[in-house]
Amino acid sequence: MTGPVYESDHTSVLAAGRKVTEFADQVFTRLPRADQRRWAAAYLLGLLAVSGRKSVRSLAAAVTDSPTASQSMHRFVNSSPWEWQPARAELARWTEQRLRPTAWTVGTAVVPKRGNQSCGVHRRFDPVAGRSVNCQVATGLFLAAGRVQIPVDWRLHLPREWSDERLRRRARIPESVQPVPEWVHILDLADTLASALLTPLPLVADLRAYEQPDRLLHGLRQRGHDFVVTVPDTLPVVLPLVNQGARGSHAPLVSARRFLDAHGEVLRTVMASPHGGAAGAKRIVTAVASLPRGPRAQRFCRLFAEYRADGQGAPALWMTTLVHRSMDELIELAGAHAWTPGALRRMEGRFGLQDFEGRSFPGWHRNVTLVSAACAYSRLAESEPAPTASAGPKAAWPHASPPVRAGALSAPKQGS
């Protein structure tokens, strides 16, 4: 049973509501209309206040008693004309200022769906579930500072069957958006992020599950984006002795694992035993390698791995363009991607990444933009308790300018 809301509770709820509104004004500053910015703040308040499933109806009910609010909020997300990419650029800059990220990572969100009406839905094997599921699949970009990971941008994967014009019209997919391999989405995310941030950041990711990782690495090098990535053992690299005189595809290739085994140097041995014994010791092995594509001056990368001193097991193999960084820095950077799955789970469990019921391409992108903003605010901005349903979030509408309170909300017009 919900207890009474005391005056101090009411004051803190109002303060939390004002903070959310100020945050929304910054991130969604380029929304063209004031009522859209108010609905963005309302949606964020709902995401922060509601526990359990986050349907549009539950979000609206958490912030206002208006019987038409859920319809208005649905229109705001699904049909009100606002672009999500400018808001994501603002979110990335806001996050950069507060987080001071050292890298960016990518995570794959698998969103189960019943039926085939939602944009991009298809059958896919989900390694987490261990079976094929009907789902949407999206690639998310996270700004990372160690274990803190903040989502700031997304690409929704469209399989080949979504080239069908009937499906595309139904889901309102723009002509410019076509089915492409998932590695192309990562290149697009890298280019978009580079234009938004003040400081360039390296990509840290595990590319072993992606198709054609060599094409992704070549694209990153062409665009001048640095990376520290786990690569398949079979990734082709150029033999070192041929490097100096060979050109392009005429140079003989060898797998990355074989190359490191044959040409790697032991940088040092790390003793895992607390008494300095040999048991559990690891050798850090590194070598300078070359990618087979592109001008020779742009191909040089470093391969590295940690091998057990007893020779048992094949460790993850890393490749990086940061050849002048120390090995300690590289190993610390390499660990960033291990925290991305946890950030995805937080989006799913705390902010309802999988709860969106809309079916259109614009609706999906607008919702995930708002969910990402709620994640960023919760992790980086909250110094006071967020509004909660039990504390009376309907009182959280701030009375400061711009007005965002239940009685002042004007519903987005139908079809706008």
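About the thresholds
- Residues numbered from 1 in each chain as written.
- Predicted model: local features only at pLDDT ≥ 70, side-chain atom pairs only at ≥ 80, totals over all residues.
- Heavy atoms only, no water.
- Helix = DSSP H or I, 4+ residues; strand = E, 2+ residues; numbered from the N terminus.
- Buried < 20%, exposed > 50% of the residue type's maximum accessible area, 1.4 Å probe, protein only.
- Contact = heavy atoms within 4.5 Å.
- Areas by Shrake-Rupley, 256 points an atom, 1.4 Å probe, with all protein chains shown as cover.
- Lys, Arg positive; Asp, Glu negative; His and termini not counted.
- Salt bridge = Lys/Arg side-chain N within 4 Å of Asp/Glu carboxyl O.
- Core = buried A, V, L, I, M, F, W, Y, C linked by side-chain atoms within 4.5 Å.
- Phe/Tyr/Trp six-rings, centres within 6.5 Å; stacked < 30°, edge-to-face > 60°.
- Axes fitted to C-alpha atoms, helices over the stretch in contact; angles between N-to-C directions.
- Parallel < 35°, antiparallel > 145°, perpendicular 65-115°, else oblique.
- Left-handed = near helix turned anticlockwise from the far one by under 90°.
- Nonpolar A, V, L, I, M, F, W, Y, C, P; charged D, E, K, R; others polar.
- Arc of directions from axis to C-beta.
- Patch = residues over 30% accessible without salt bridge, like charges linked within 9 Å, V, L, I, M, F, W, Y side chains within 5 Å.
- Charge placed at Lys NZ, Arg CZ, Asp CG, Glu CD.
- Pairing = 2+ DSSP bridges.

As a further point, take the overall build of the protein. Within the protein, the secondary structure is distributed over 13 helices and 12 strands. Within the span of the protein, comprising 416 residues, buried residues form 51% of the whole. Put simply, 67% of the contacts in the protein that link residues at least 6 apart link residues at least 24 apart. When the accessible surface of the protein is totalled, it reaches about 19600 Å², and 51% of it is carbon and sulfur.

Okay, unusual backbone geometry next. If you check the backbone angles, Arg172 has positive phi at about 55° while not being a glycine. Positionally, Arg172 belongs in the loop between α6 (165–171) and α7 (182–196). By relative accessible area, which is 40% here, Arg172 ends up partly exposed. Phi is positive for Gln212, which is not a glycine, with a value near 50°. Inspection of the secondary structure assignment puts Gln212 in the loop between β5 (203–206) and α8 (213–223).

This next bit is on the side chain of Arg366. With respect to the element layout, Arg366 can be found in helix α13 (residues 361–380). An unpaired buried charge is present at Arg366: no salt bridge exists, and Glu83, the closest side chain of opposite charge, is 5.6 Å distant. Once residues within four sequence positions are removed from consideration, Arg366 is found in contact with Phe76, Val77, Asn78, Ser79, Ser80, Pro81, Trp82 and Trp84.

For soluble globular proteins, the rule of thumb is that nonpolar side chains tend to be buried together. Of all hydrophobic cores here, the largest spans 104 residues; its most connected members are Phe28, Trp104, Trp154, Leu217, Met319 and Leu370. Looking at this core, the element that brings in the most residues is α13, giving 10 residues. Sequence-distant contacts of Leu217, that is, excluding residues within four places in its chain, are made with Leu207, Phe227, Val229, Val231, Leu235, Leu291 and Met319. Ranked by size, the runner-up nonpolar core spans 13 residues in total, among them Phe304, Leu322, Leu330 and Leu333.

Going through the model one piece at a time under the given rule, you end up with 8 aromatic pairs. Centre to centre, the rings of Trp154 and Trp364 are 6.5 Å apart; their planes meet at 80°, and the pair counts as edge-to-face. Linking Trp154 in strand β4 (residues 148–156) with Trp364 in helix α13, this pair joins segments that are 210 residues apart in sequence. Ring pairs connect the aromatic residues Phe23, Trp94 and Tyr377, which therefore count as one cluster.

In this section: the pattern of salt bridges. Taken as a whole and judged by the stated rule, the model has 12 salt bridges. Among the salt bridges present, the one from Glu357 reaches Arg53, with a minimum N-O distance of 3.4 Å. With Glu357 in the loop between α12 (340–351) and α13 and Arg53 in the loop between α2 (34–49) and α3 (56–63), this pair connects stretches of sequence that are 304 residues apart. Between Arg155 and Asp188 there is a salt bridge, and its shortest N-O distance comes to 2.8 Å. Within this pair, whereas Arg155 is found in strand β4, its partner Asp188 is found in helix α7, the two being separated by 33 residues in sequence. The partly exposed category is assigned to Asp188, whose relative accessible area is 34%.

Following both chains from N to C, one finds α3 and helix α4 (residues 69–78) inclined at 120°, their axes separated by 8 Å at the closest point. By the angle between their axes, α3 is oblique relative to α4. With respect to the hand of their crossing, α3 and α4 are arranged in right-handed fashion. Here Val56, Arg57, Leu59, Ala60 and Val63 of α3 lie close against α4, whose contacting residues are Ala69, Ser70, Met73 and His74.

Let's shift gears to the packing of α12 against α13. Viewed as axis vectors pointing N to C, α12 and α13 meet at an angle of 100°, and their least axial separation amounts to 11 Å. The pairing of α12 with α13 is recorded here as roughly perpendicular in orientation. From α12, Arg346, Met347 and Phe351 reach across to α13, where they touch Val371, Ser372, Ala374, Cys375, Ser378 and Arg379. Here the contact of α12 with α13 is composed, by residue class, of 5 nonpolar, 2 polar and 2 charged.

Once that is clear, we can look at helix α10 (residues 256–263). Taken residue by residue, α10 has Ala256, Arg257, Phe259 and Leu260 as its buried positions. End-on, the buried residues of α10 take up no more than an arc of 160°, which puts them together on one face. Projecting away from the buried face of α10 at angles above 90 degrees are the exposed residues Arg258, Asp261 and Ala262.

A grouping of Arg166, Arg169, Arg170 and Arg359 is seen on the molecular surface, where their side chains present a positively charged patch. Of note, Arg169 is situated in helix α6.

Burial of strand β3 (residues 131–145) is extensive: 12 of the 15 residues sit out of reach of the surface. As paired strands, strand β1 (residues 103–112) and β3 are joined by 10 bridges and run antiparallel to one another. What sits directly across from Val110, in β3, is Val137. Pairing geometry for strand β2 (residues 122–126) and β3, over 5 bridges, is antiparallel. Note that in β3 the partner of Arg123 across the bridge is Asn134. Counted between consecutive antiparallel strands, the loop separating β2 from β3 contains 4 residues, among which Gly130 sits at a positive phi close to 75°. Relative to β4, β3 runs antiparallel, the two being bridged by 8 bridges. Within the sheet, the bridge partner assigned to Leu143 lies in β4 and is Ile150. Taken together, β3 and the strand that follows it, β4, pair antiparallel across an intervening segment of 2 residues, in which Gly146 is found at a positive phi of about 65°.

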